[in-house]
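These are the residues of each chain, in order.
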Amino acid sequence: MSMKLWQTNPFQEMTLGRGEGSFVWDTKGKPYLDLVSGTWCNILGYGHSRLVGAIQDQVSKLVHVGSSFPTREIGEALLKLREVLPPELNRAVFLNTGSEAVELALKMARTATGAEGIVVIEGGYYGATIYALSLSEAGRKTMYLPQYGEIHRLPVPDCRRCPVGHSWPCEDYYCLDMMRDTVKEGEVQIAAVLYEPVMAGGGMIVPPPGYGAQLRALTSRYEIPLIAEEVTTGMGRTGRWFGFEHDNIVPDILIIGKAIGAGLPVSAVVTTGEIEARCESVLRHVQSHQNDPLSGRIAATVISILQEDHLFEQAAERGAHLLEGLKIVQSRYPSIEDVRGKGAMVGIELTEDHADKGKVVFQRLLNAGFIVDYQHETATFRLFPPYIISTQEIDSFLIAFELSMKD
Ligand SMILES: Cc1ncc(COP(=O)(O)O)c(C=O)c1O
């Protein structure tokens, strides 16, 4: 009897064998330009020599120790995070995946406040574990699983389809009225408001300017911890180190994933001394792979490479080039409803009646050697190119995309 891989998510037909730069090759030797960085993780592309060198060196020295032993590598990762974060965010725990980091952030908020309710924006995706999935709506096929915890949902801050019937610029962020009502002092106990600076899982929704600042003002007024969920937007993806910087705010808890490992499983939760003090002697969190020296070496190396090569600034320019090119394609195809993005994350939304066409375009692109992501529910292509992608590579995609859109 053969052993078969259980495909818990849809699989493509080709088997991948090796990668270099922005390309990955299948085992038959066909190259693919990867415009989504694996699962939005490979920000340095495939086989980045300095990252590979650091990993090889670290593997030969120390990969894992018991989670109660400090290591030099975790110390270095803390120093690097210190360089790129506001001073208030100065307590960190390193984990492996975004889902785990979301779980720990929620634990911290609930422990610090003694409250249970979590306010979250509807339509997002926050991870595959039960609590993270309970907050999620995108990608949530397993509705039969128990919904965990008390969850309050805010309408999606998408001004094109304003959930409360206004148009941008609006005076008072009416989509936050529900939050104002929900948290009216004493009525419900809220442990945290969790928001994503750009909603990746929710269909690449870019909230209006100042949305994060409004959330910060409201949470501060009601003394509720604000969690910036930056598994996707963090580490330069939006053109700043972290998405919350666009709104000139500092969250109480920050969740980092994907990009900090550049293809390896590293995530982190960063918070303030105040939250730590409020959790002291109550919160206990132990995982086999927590604060591993290999994770520390990877995180420190990735931050150093981004700093030294000014990579995400470059990625933001490339993202702008991609957006500009796509807007030209949009002007020729009425079936493209919207092209939007921030930094190196770009969404291409088709009109609702062309949602099925997106699947055809996806397949045509794959056949032509281009890997993209297509979310049928929102009729949106989501692009997260590696930060090292070249202008020529983007141009080759723009040509292929336009060709694939033809009837
Ligand atoms: C915003 C966001 N949060 C959390 C996660 C979960 O991260 P992971 O798949 O690493 O557990 C994802 C994954 O796509 C995500 O996009």
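It should be emphasised that the depicted structure is a prediction, and the values quoted were computed from it without experimental measurement.

Reading the values: rules and limits
Residues numbered from 1 in each chain as written. Predicted model: local features only at pLDDT ≥ 70, side-chain atom pairs only at ≥ 80, totals over all residues. Helix = DSSP H or I, 4+ residues; strand = E, 2+ residues; numbered from the N terminus. Rg over C-alpha atoms; globule rule 2.2 N^0.38 Å. Buried ≥ 20, exposed ≤ 12 C-beta atoms within 10 Å, placed from the backbone. Core = buried A, V, L, I, M, F, W, Y, C linked by C-beta atoms within 7 Å. Domains from an automatic or database assignment. Contact = placed C-beta atoms within 7 Å. Pairing = 2+ DSSP bridges. Nonpolar A, V, L, I, M, F, W, Y, C, P; charged D, E, K, R; others polar.

## Focus on the overall build of the chain
Part 1: Within the chain, the secondary structure is distributed over twelve helices and 15 strands.
Part 2: A globule of 407 residues ought to have a C-alpha radius of gyration of about 22 Å, and the chain, at 21 Å, matches this closely.
Part 3: Seen through its C-alpha atoms, the chain measures out along the principal axes to roughly 60 × 60 × 50 Å.
Part 4: Going through the 407 residues of the chain one by one, you find that 47% of them count as buried.

## Topic: the nonpolar core
Generally speaking, soluble globular proteins have nonpolar side chains that are buried together.
Part 1: Formed by 116 residues in total, the largest nonpolar core has its most connected members in Ala101, Ala105, Ala192, Val193, Ile227, Ile255 and Val269.
Part 2: Counting residues per element, this core draws most heavily on helix H4 (residues 98-113), which supplies eight residues.
Part 3: If you count residues domain by domain, this core takes at least three from each of domain 1 (51-309) and domain 2 (311-355 + 364-380).
Part 4: If sequence neighbours within four positions are ignored, Ile227 has contacts with Ala105, Ala109, Ala192, Val193, Leu194, Pro251, Ile253 and Ile255.

## Topic: the sheet that holds strand S13 (residues 370-371)
Part 1: Spatial ordering of the open sheet is given by S1-S2-S3-S13, a layout of four strands whose pairing is mixed. Sheet topology places strand S1 (16-20) and S13 at the edges, where each strand pairs with a single neighbour.
Part 2: Two strands pair when backbone bridges link them, and strand S2 (residues 23-26) and strand S3 (residues 31-34) are joined in this way by three bridges, in the antiparallel orientation. Its bridge partner lying in S3, Val24 is registered against Tyr32.

## A few points about the domain arrangement of the chain
Part 1: In terms of domain boundaries, the chain breaks down into domain 1 (51-309) and domain 2 (311-355 + 364-380).
Part 2: Here domain 1 and domain 2 have C-alpha centroids that lie 25 Å from each other.
Part 3: Counting from both sides, the interface comprises 13 residues of domain 1 and, opposite them, 15 residues of domain 2.
Part 4: Looking at side-chain class alone, the side of domain 1 that touches domain 2 contains six nonpolar, four polar and three charged residues.

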